[in-house]
Amino acid sequence: MAKLINESSNFGEICYARNVFDEFRDPDVFLWNAIIRGYSRHNMFGDAIEMYLRMEMAGVSPDCFTFPYVLKVCGGLRALEMGRLVHGQIFRHGFESDVFVQNSLVAMYVKCSQPRRARTVFDGLYDRTIVTWTSIISGYAQNGEPMEALRIFSQMRQSNVNPDWIALVSVLRAYTDVEDLEQGKSVHGCVIKMGLEYEPDLLISLTSMYAKCGQVTVARSFFNQMEIPNLILWNAMISGYAKNGYAEEAVRLFREMICKNIRVDSITVRSAILACAQVGSLELARWMDDYIMKSEYRNDVFVNTALIDMYAKCGSVDLARIVFDRTLDKDVVVWSAMIVGYGLHGRGREAIDLYHAMKQAGVCPNDVTFVGLLTACNHSGLVKEGWELFHRMRDYGIEPRLQHYACVVDLLGRAGHLGQAYDFITNMPIEPGVSVWGALLSACKIYRNVTLGEYAAEQLFSIDPFNTGHYVQLSNLYASVRLWGRVAKVRVLMKEKGLSKDLGYSLIEINGKLQAFCVGDKSHPRYKEIYEELERLEKRLKEAGFILHTESVLHDLNYEETEEILCNHSERLAIAYGLISTPPGTTLRITKNLRACVNCHSATKLISKLCDREIVVRDANRFHHFKDGFCSCGDYW
């Protein structure tokens, strides 16, 4: 009978074995174990539990072989209460010292997401096998406690227990979660020494680790070793590309998945949407939205939230609103994503209106909601409204974070209330960080307050001494008041620290393709046409009465040199290229990696009117929508 059950290889055979079993009048524990083991092996967990309960009712005492199978079933069903009941019976029957039973208990608690209970059992073991160590390490790694998993791994090594490949998978996962690449590399070395580098699960873990830690080229080499990469590998690679500045590669890999008819999941889709948002192409964003609408994820709230964020970052808050309106079950994350989108585009009134609608819908705001609201008020000049919203946060039990304080400093500073902004900082209940002092320095540059700006810069240099942006901001402040000697000192300081200013560039999307330009760029095949268009534009601007904003120049130059530099800024080249490459009336969409200068901002407003074009520019801080000679920011930026 036992042999029949053990050799059952499919559902039909195990059912036949059960029928034979039922013919026995008084089966002994050996037969009960066989039928329970058979069900357990075939993942027929419900039947296994039923047989165990029948065994108890029949008065047959379980032995040390019964409990491991029953505990495996409890773990498979995530049946914690049943598992605890079995745990009690283990004590009652005197198997609390049996190493195999105790190993099974650890594994059961791990699968039921109870690493603390697993640890209690683990700590009581006098004889720990590799299985025991691996179970507890996996438990902590899989339940969001990577540091504890690594501490136990260290204890394991000190106990002279050599890890197997299963333990190494969990250890790699833990190092991935804490993004400790150096220690992860040492485990990789251990994998090679043990000859396990081609073990599929380890390949997946190594791919995930290197991808998450930014080593996407190394990760891709592991990915390519798999003849048929599974979904976890695809997700690790696409997510790694998307989160480490390789957005176009992420999109390319996602398209490859689709072409190969490989089934995606919600994680794949969200990583691809994140990549589309980073690329910034509205045409690509529309393609992604079309794909989602035809897929099973069209009503997935997490996917729709990502789509809202994508459209907002690709320049169309109106399309983001369409996604928001069609989302059925709006939670706080969906509402917040839309409010943040409005904030990014400086549509403060709409953000506040949505906030009120959110409350009427019975949804309680969270800290991200208020970041979006404060950003929207900041970009719209709604000082009074922003100030009131900040002080309402605690009404919802939300303690402001540094990001909220930085938004308020920016809000006050941009409105010219520099003294109030400084007082606000000095009265903060938490230590001001880089974002707070950076907001004050930015405001000082706008209003040319050198004394306060220097103080803010000193704080920044002490907190974050190797951030180029802080030195550039101070240099720009000095240049705006023509303190060229101090500009030179800042440059010397940067040189001493080995810092260099980021090169500014602008991207423009034409027919779904992105073209890049930097200041004075003549590398484009059509550069002669671009500069001819630029000259025509400058002539029309002068005829319309446009006056150069010479304070935008950060060097001590004569007027002719100043004019040439300002006219050849990267966004001006991108606009010229867009005008010669698209039909009249086409919207131009430009992304700039730095904040736009005052001169280009003013010129773009007038160009939009002279050329009858809408021009959407995303700079380092926000979106600007230029149309009919006006900008959506209302010159409040």
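Given the structure is predicted, the values throughout are model-derived calculations rather than measurements. (Residues numbered from 1 in each chain as written. Predicted model: local features only at pLDDT ≥ 70, side-chain atom pairs only at ≥ 80, totals over all residues. Heavy atoms only, no water.)

### What to know about the overall build of the protein
Then step 1. In terms of helices and strands, the protein carries 34 helices and six strands.
Then step 2. Reported as C-alpha extents along the three principal axes, the dimensions of the protein are approximately 105 × 55 × 50 Å.
Then step 3. Classification of the 637 residues of the protein by burial places 51% in the buried group.
Then step 4. Counting contacts in the protein only where the partners sit at least 6 residues apart, residues at least 24 apart contribute 64% of the total.
Then step 5. For the protein, the computed accessible surface area is about 29900 Å², with 51% contributed by carbon and sulfur atoms.
Then step 6. If the 70 positive side-chain charges of the protein are averaged to one point and the 75 negative ones to another, these points end up 3 Å apart. (Helix = DSSP H or I, 4+ residues; strand = E, 2+ residues; numbered from the N terminus. Buried < 20%, exposed > 50% of the residue type's maximum accessible area, 1.4 Å probe, protein only. Contact = heavy atoms within 4.5 Å. Areas by Shrake-Rupley, 256 points an atom, 1.4 Å probe, with all protein chains shown as cover. Lys, Arg positive; Asp, Glu negative; His and termini not counted. Charge placed at Lys NZ, Arg CZ, Asp CG, Glu CD.)

### What to know about the pairing of strand β1 (residues 505-510)
Then step 1. The pairing of β1 with strand β2 (residues 513-518) spans six bridges and is classified as antiparallel. Opposite Leu507, over in β2, you have Ala516 as the bridge partner.
Then step 2. Taking the residues that link successive antiparallel strands as the turn, the β1-β2 hairpin has two residues, and the phi of Asn511 there is positive, at about 55°.
Then step 3. Pairing analysis gives three bridges linking β1 to strand β3 (residues 588-592), with the strands arranged antiparallel. Paired with Leu507 across the two strands is Thr591, which belongs to β3. (Pairing = 2+ DSSP bridges.)

### Here's the deal with the sheet that holds β2
Then step 1. In space, the six strands of this open sheet follow the order β2-β1-β3-β4-β5-β6, with mixed pairing throughout. Looking at the sheet topology across the chains shown, the edges are occupied by β2 and β6 (630-631).
Then step 2. Across the sheet, helix α33 (residues 570-581) lies against β1, β2, β3 and β4 (615-618), angled at about 15° from β1, the strand it touches most. (Axes fitted to C-alpha atoms, helices over the stretch in contact; angles between N-to-C directions.)

### A look at the domain arrangement of the protein
Then step 1. Each assigned domain of the protein is listed here: domain 1 (1-178), domain 2 (228-329), domain 3 (400-501) and domain 4 (505-631).
Then step 2. Between domain 1 and domain 2, the C-alpha centre-to-centre distance is 40 Å. (Domains from an automatic or database assignment.)

### Observations regarding the state of the cysteines
Then step 1. In total, this model carries zero disulfides according to the counting rule given.
Then step 2. Free cysteine Cys364: the closest other cysteine sulfur is in Cys377, separated by 18 Å. (Disulfide = S-S within 2.5 Å.)

### So, the packing of aromatic side chains
Then step 1. Counted according to the given criterion, the structure contains 19 aromatic pairs.
Then step 2. Aromatic side chains Phe254 and Trp287 sit 6.3 Å apart centroid to centroid with 80° between the ring planes, which places their arrangement in the edge-to-face category. Residue Phe254 is located in helix α16 (residues 247-259), and its partner Trp287 is located in helix α18 (residues 282-293); the two are separated by 33 residues in the primary sequence.
Then step 3. A centroid spacing of 5.9 Å and a plane angle of 80° characterise the contact between Tyr422 and Tyr455, whose relative ring orientation is edge-to-face. Here Tyr455 lies in helix α28 (residues 450-463) and Tyr422 lies in helix α26 (residues 418-426), a separation of 33 residues in the sequence.
Then step 4. Cluster of aromatic residues (ring-pair linked, three or more members): Trp387, Phe390, Tyr405 and Phe424. (Phe/Tyr/Trp six-rings, centres within 6.5 Å; stacked < 30°, edge-to-face > 60°.)

### So, the pattern of salt bridges
Then step 1. Within the structure shown, the criterion is met by 25 salt bridges.
Then step 2. Its salt-bridge partner being Arg349, residue Glu385 comes within 3.1 Å of it at the nearest N-O pair. You can see Glu385 sitting in helix α24 (residues 383-390) and its partner Arg349 sitting in helix α22 (residues 348-360), a full 36 residues away along the chain.
Then step 3. Measuring nitrogen to oxygen at the nearest pair gives 4.0 Å for the salt bridge that ties Glu388 to Arg392.
Then step 4. Among the charged side chains, a network of salt bridges with common partners joins Arg119, Asp123, Glu148 and Arg151. (Salt bridge = Lys/Arg side-chain N within 4 Å of Asp/Glu carboxyl O.)

### Here we look at the side chain of Ser336
Then step 1. Turning to its location among the elements, Ser336 is positioned in helix α21 (residues 332-344).
Then step 2. Dropping the residues within four chain positions of it, Ser336 is found in contact with Asn366, Val368 and Thr369.

### Considerations on the UniProt feature "repeat: PPR" (unreviewed entry) in the protein
Then step 1. According to UniProt, the feature "repeat: PPR" (unreviewed entry) maps to residues 28-62, 129-163, 230-264, 331-365 and 366-400 in the numbering used here.
Then step 2. A helix fraction of 74% and a strand fraction of 0% characterise residues 230-264, whose end C-alpha atoms lie 10 Å from each other.
Then step 3. Here residues 331-365 runs as 74% helix and 0% strand, with 10 Å between its end C-alpha atoms. (UniProt positions renumbered as here; feature names shortened; annotations may be inferred.)

### Quick look at the confidence of the model for the protein
Then step 1. Averaged over all residues, the pLDDT of the protein is 88; the fraction at 70 or higher stands at 93%.
Then step 2. Across residues 1-5, confidence stays below pLDDT 50; counting only partners more than four residues off in sequence or on other chains, it has 16 contacts.
Then step 3. For the stretch residues 555-564, pLDDT sits under 50, and the model shows 12 contacts to residues farther than four places along the chain or on other chains. (pLDDT = per-residue confidence, 0-100.)

### Focus: the packing of α21 against helix α23 (residues 367-380)
A packed helix pair is summarised by two numbers, namely the angle formed by the two axes and the spacing between the axes.
Then step 1. One way to put it is that α21 packs onto α23 with a least axis distance of 8 Å and a crossing angle of 15°. Our classification of the angle between α21 and α23 gives roughly parallel. In this structure, α21 crosses over α23, and the sense of that crossing is left-handed. For the pair formed by α21 and α23, the contact residues are Val332, Ser336, Ile339, Val340, Gly343 and Leu344 on the first element and Val368, Thr369, Gly372, Leu373, Thr375, Ala376 and His379 on the second. (Parallel < 35°, antiparallel > 145°, perpendicular 65-115°, else oblique. Left-handed = near helix turned anticlockwise from the far one by under 90°.)

### Concerning a positive patch on the surface
Then step 1. Together, Arg41, Lys72, Arg78 and Lys111 line one region of the surface with positive charge.
Then step 2. Relative to the helices and strands, Arg41 resides in helix α3 (residues 29-41). (Patch = residues over 30% accessible without salt bridge, like charges linked within 9 Å, V, L, I, M, F, W, Y side chains within 5 Å.)

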